[in-house]
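Observations on the three-dimensional arrangement
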Amino acid sequence: MQFFKTMEKAKRTRGQLNDKKSKDLSTAEPPRAKRKYSHNKVQGDPSTLKLAAKTLDLPVQDGNADALKLSIGERLPYEFFNCPCTQLARRLLGQTLLRRIGTELLLGRIVETEAYLGAEDKAAHSFNGKKTERNQAMFMSPGTAYVYNIYGMYCCFNISSQGDGCAVLLRALEPISGIQVMRDNRKSKATVKEKHLTNGPSKLCQAFSITKAGFNQTDLTTSDEMWLEYGGEVSDNLVVSCERVNIGYAGDWVDKPLRFYLLNNYCVSVRNKEAENKITKKLEF
């Protein structure tokens with residue numbers, strides 16, 4: 001009799017442990033999603049290309065994917081860009097820029113952006129509603145490329161958002177694929193580190209061969225030479241927000257936190273240690 005009582009007690013104990021295990025699994029955080037990319041040359045139809053090989057250790061949230069029904073590697077549609085400028089600048093972090101040159105396909109992950117808010121923004125080319133032949137792309141449909149020349153020899157690449165005269169400047173990319181072509185376009189030596197190929201607005205334009213003549217006013221939602229694909233949404237805990245770079249002429253707009261970049265990413269053009277420390281302290285708690 002004692003034997004059967006012991007067996008019954010063991011069964012009840014196992015049942016309780018299984019119930020507890022099931023409860024723990026149901027309340028656990030979902031596993032961190034990992035995206036992998038390849039540094040090898042990528043060829044073929046852009047609509048069927050798959051990214052693979054280099055793990056990016058970042059948590060991926062699918063808030064935008066759910067709302068827009070996007071999946072990793074899917075081309076970004078008009079709806080993605082059709083949002084307020086500051087939101088687009090933040091949303092573009094983690095997305096992938098693709099540039100096809102012949103049989104080569106260059107890929108870079110967006111890691112730094114700046115928002116320019118149109119007529120009210122003293123740092124914007126469209127400040128006070130100024131509209132010229134040069135900045136016309138800032139007034140065009142969201143998702144339009146605005147490429148302009150600086151210093152007579154370099155270019156900067158922006159993407160229009162909602163709002164007249166509003167656009168987001170791409171400041172830095174993390175190279176993913178087509179590294180040698182980027183080096184050739186930059187005319188850089190083999191000893192130059194990858195992070196220095198695209199860690200600035202003009203550098204990324206040179207590396208991806210983005211020119212005003214070739215891409216200004218291009219619709220990025222339909223172009224087969226340059227477009228963007230969904231790479232997931234980056235956690236707010238990994239995004240630094242701080243003042244923009246080289247806008248000392250913009251008066252009370254100088255210190256507005258309209259630059260966004262990925263915390264600790266090695267390709268960011270200029271780091272703001274004070275803003276980074278604020279995030280780090282929050283994470284410690």
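See above for the structure.
In short, a report on the structure. Values in this document were obtained by computation on a predicted structure and should not be read as measured data. (Residues numbered from 1 in each chain as written. Predicted model: local features only at pLDDT ≥ 70, side-chain atom pairs only at ≥ 80, totals over all residues. Heavy atoms only, no water.)

Mapped onto the elements, Gln-206 comes out in helix H6 (residues 201-207). In this structure, the C-alpha to C-alpha distance between Gln-206 and Tyr-154, residues 52 residues apart in sequence, is 7.8 Å. Excluding residues that lie within four positions of it along the chain, Gln-206 makes contacts with Tyr-154, Asn-185 and Arg-186. (Helix = DSSP H or I, 4+ residues; strand = E, 2+ residues; numbered from the N terminus. Contact = heavy atoms within 4.5 Å.)

A few words now on the packing of aromatic side chains. Applying the stated criterion across every chain yields a total of 2 aromatic pairs. Between Tyr-146 and Tyr-148, the ring centres sit 5.2 Å apart and the planes meet at 40°, which makes this aromatic pair tilted. Like Tyr-146, the residue Tyr-148 is buried in the burial classification. In this arrangement the basic side chain of Arg-244 is found over the ring face of Tyr-116, its NZ or CZ atom lying 4.6 Å from the centre. One residue, Lys-256, lies across the ring of Trp-253, its end atom 4.9 Å from the ring centre. (Phe/Tyr/Trp six-rings, centres within 6.5 Å; stacked < 30°, edge-to-face > 60°. Buried < 20%, exposed > 50% of the residue type's maximum accessible area, 1.4 Å probe, protein only. Lys NZ or Arg CZ within 6 Å of the ring centre and 35° of its normal.)

Let us now look at the pairing of strand E12 (residues 259-262). Both faces of E12 are covered, namely the face carrying Arg-259 and Tyr-261 and the face carrying Phe-260 and Leu-262. Of the pairings in the sheet, the one linking strand E5 (residues 104-117) to E12 comprises 3 bridges and is antiparallel in character. Within E12, the position partnered with Glu-112 by the bridge is Tyr-261. Of the pairings in the sheet, the one linking strand E11 (residues 239-242) to E12 comprises 4 bridges and is antiparallel in character. Its bridge partner lying in E12, Cys-242 is registered against Arg-259. (Pairing = 2+ DSSP bridges.)

By the secondary structure assignment, Arg-183 is in helix H5 (residues 179-186). Comment: no salt bridge for buried Arg-183; closest opposite-charge side chain is Glu-194, at 5.3 Å. (Lys, Arg positive; Asp, Glu negative; His and termini not counted. Salt bridge = Lys/Arg side-chain N within 4 Å of Asp/Glu carboxyl O.)

This part covers the side chain of Asp-121. Structurally, Asp-121 is set in the loop between E5 and strand E6 (145-150). A polar contact is formed between the side chain of Asp-121 and the backbone nitrogen of Leu-117, at a distance of 3.0 Å. In this structure the side chain of Asp-121 is engaged in a polar contact, spanning 2.7 Å, whose partner is the side chain of Arg-244. With residues up to four places along the chain from it excluded, the contact list for Asp-121 reads Ala-115, Tyr-116, Phe-127, Arg-244, Trp-253 and Leu-258. (Polar contact = N/O pair within 3.5 Å; in protein donor to acceptor, adjacent residues only side chain to side chain.)

All right, on to H5 then. Regarding H5, the residues found buried are Ile-179, Val-181, Met-182 and Arg-183. Downstream of H5 by a residue or two, Lys-187 has a phi angle that is positive, lying close to 55°.

Attention now moves to the pairing of strand E9 (residues 226-229). Burial of the side chains of E9 extends over both faces: Met-226 and Leu-228 are buried on one face and Trp-227 and Glu-229 on the other. Where strand E4 (residues 96-101) meets E9, 4 bridges bridge the pair, whose relative direction is antiparallel. Residue pairing in the sheet places Leu-97 in a bridge with Leu-228 of E9.

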